[in-house]
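# Remarks on the overall topology
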Amino acid sequence: MAFRNHQSGRCLTIGHRGAAGLAAENTLPGFELAARLGVDAVELDIHWAHGALWVIHDATLERTTDGAGALEDSDFNTLRRLDAGAGAPIPLLEEVLAVIPASIGINIELKGKGCAAPAAAMLATHLERDLLVSSFDYGELQRFHRLRPEIPVAPLFSRWRPDAWRRAAQVEAWSINLAARIATDARINVAHERGFKVLVYTVNDPADAARLTRSGVDGLFTDFPNKIELASATS
Ligand code: G3P
Ligand code: MG
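What you are looking at is a predicted structure, and each value in this text was computed from that prediction instead of being measured. Note that residues are indexed from 1 along each chain, following the sequence as it is written. Written order decides the labels, with chains lettered from A and ligands numbered from 1. Confidence filtering applies because this is a predicted model: local features only for residues at pLDDT of at least 70, side-chain atom pairs given and counted only at 80 or more, and all residues used for totals across whole chains, interfaces and linings. Each side-chain value is worked out from all heavy atoms of the structure, with water and hydrogens disregarded.

### Observations regarding the pairing of strand β6 (residues 153–157)
So the rule is basically this: Relative accessibility under 20% of the residue-type maximum defines a buried residue, over 50% an exposed one, and the middle range a partly exposed one, all with a 1.4 Å probe and only protein chains included. We count a stretch as a helix when DSSP gives it H or I for four or more residues in a row; a strand needs E for two or more, and each element gets its number in order from the N terminus. Paired strands are those between which DSSP finds at least two bridges. Classification remark: right-handed applies to a crossover when, strands pointing away from the viewer, the course from the first strand over the helix to the second runs clockwise.
Burial analysis of β6 places five of its five residues in the buried class, which makes it a mostly covered element. Residues V153, P155 and F157 line one face of β6 and the alternating positions A154 and L156 line the opposite face, and both faces are buried. Relative to β6, strand β5 (residues 131–135) runs parallel, the two being bridged by three bridges. The residue bridging S134 from the neighbouring strand is A154, located in β6. Relative to strand β7 (residues 175–179), β6 runs parallel, the two being bridged by two bridges. Bridge pairing links L156 to N177 in β7. With helix α6 (residues 164–170) bridging β6 and the parallel β7, this β-α-β connection has right-handed handedness.

Put into structure tokens, the structure is as follows:
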């Protein structure tokens, strides 16, 4: 288990959007590849539209599919037929849960507005899974935490902000998830003193991975789980 029963000093390898540097991001083949490469966990992004939780990073279709416009301006069947890379469709969250082995953790990032309630409802039947729910949208994250307090959560920070510790405490965060440029030794140490793990994104350079591992981070998101041997490293 990656997140559940995580041992201090072990740096987890988390496949970012599956294995985004090696296969189409946020697609089933990408998640399956990450699993084959031996990641501890995968990260994915979700949006709520047309009664479904879609695994896609952007709220618009152009960058990662052959569609155009906003997800919400399409309809369910049109979205289902799109090519999200190498012929694979945009997966639904339940499809990813079905293909990822139970031994691999899943970090679900609440990306779009209104994801918290449907994700909390859907995950009620997956409580045995090793899950971590994160978001840059602290309102959504708090909503999710209130609805499903048994699933650990993590606020995401791309820039450091003075209210970071308050935000983390508010949701009884399991970890704070930081952009690599703000993951300083001092913040890592304070996080640990306050009882929060630290996960860092997006780390694709082995030298950065080694430095962060030595600094004691608990996990690294990477687009290249093949290139960066992080999993068994200890600080
Ligand atoms: O959760 C880490 C990372 O995925 C956050 O940024 O934009 O890749 O979703 P982004
Ligand atoms: Mg993400």
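### Concerning the site of ligand 1
Rules: Nearness here has a simple test: a residue counts as near a molecule or strand if at least one of its heavy atoms is within 4 Å of that partner. N or O atoms closer than or at 3.5 Å make up a polar contact, with two conditions inside protein: a donor-capable atom paired with an acceptor-capable one, and, for residues adjacent in sequence, both atoms drawn from side chains. Residue-level accessible areas treat just the shown protein chains as cover; the underlying method is Shrake-Rupley with a 1.4 Å probe.
Around ligand 1, a shell composed of H16, R17, E43, D45, H57, E109, K111, F136, L156 and Y201 is seen. At 3.1 Å, a side-chain N or O of D45 approaches an oxygen atom of ligand 1. Here H57 contributes a side-chain N or O atom positioned 2.7 Å from an oxygen atom of ligand 1. Within the complex, the protein chains bury 91% of what would otherwise be the 290 Å² of accessible surface of ligand 1.

### A word on the confidence of the model for the chain
The condition is simple: Values of pLDDT, the confidence the predictor places in each residue, fall between 0 and 100.
On average, residues of the chain carry a pLDDT of 96, and 97% of them reach 70 or more. Per-residue pLDDT, averaged within each element of the chain, yields its smallest value for helix α8 (residues 206–214) (95) and its largest for strand β4 (residues 105–110) (99).

### With respect to the side chain of H6
Here H6 is to be found in the segment before β1 (12–15). A polar side-chain atom of H6 sits 2.6 Å from the main-chain carbonyl oxygen of R10.

### Here we look at α8
What counts, and what does not: Directions pointing from the helix axis toward each C-beta atom define the arc. Contacts: residue pairs with any heavy atoms within 4.5 Å of one another.
Regarding α8, the residues found buried are A209, L212 and T213. Down the axis, α8 shows its buried residues gathered within 100 degrees of arc, on one side only. Away from the buried face of α8 by more than 90 degrees, exposed residues A207 and R214 are located. Residues of α8 that are buried sit in contact with β8 (197–201) and β9 (219–222). By the N-cap criterion, in which a side-chain oxygen at the helix start approaches the backbone nitrogen of a residue two or three places on, α8 is capped by D205, the distance to A207 being 2.8 Å. Following α8 by one or two positions, G216 adopts a phi angle in the positive range, close to 95 degrees.

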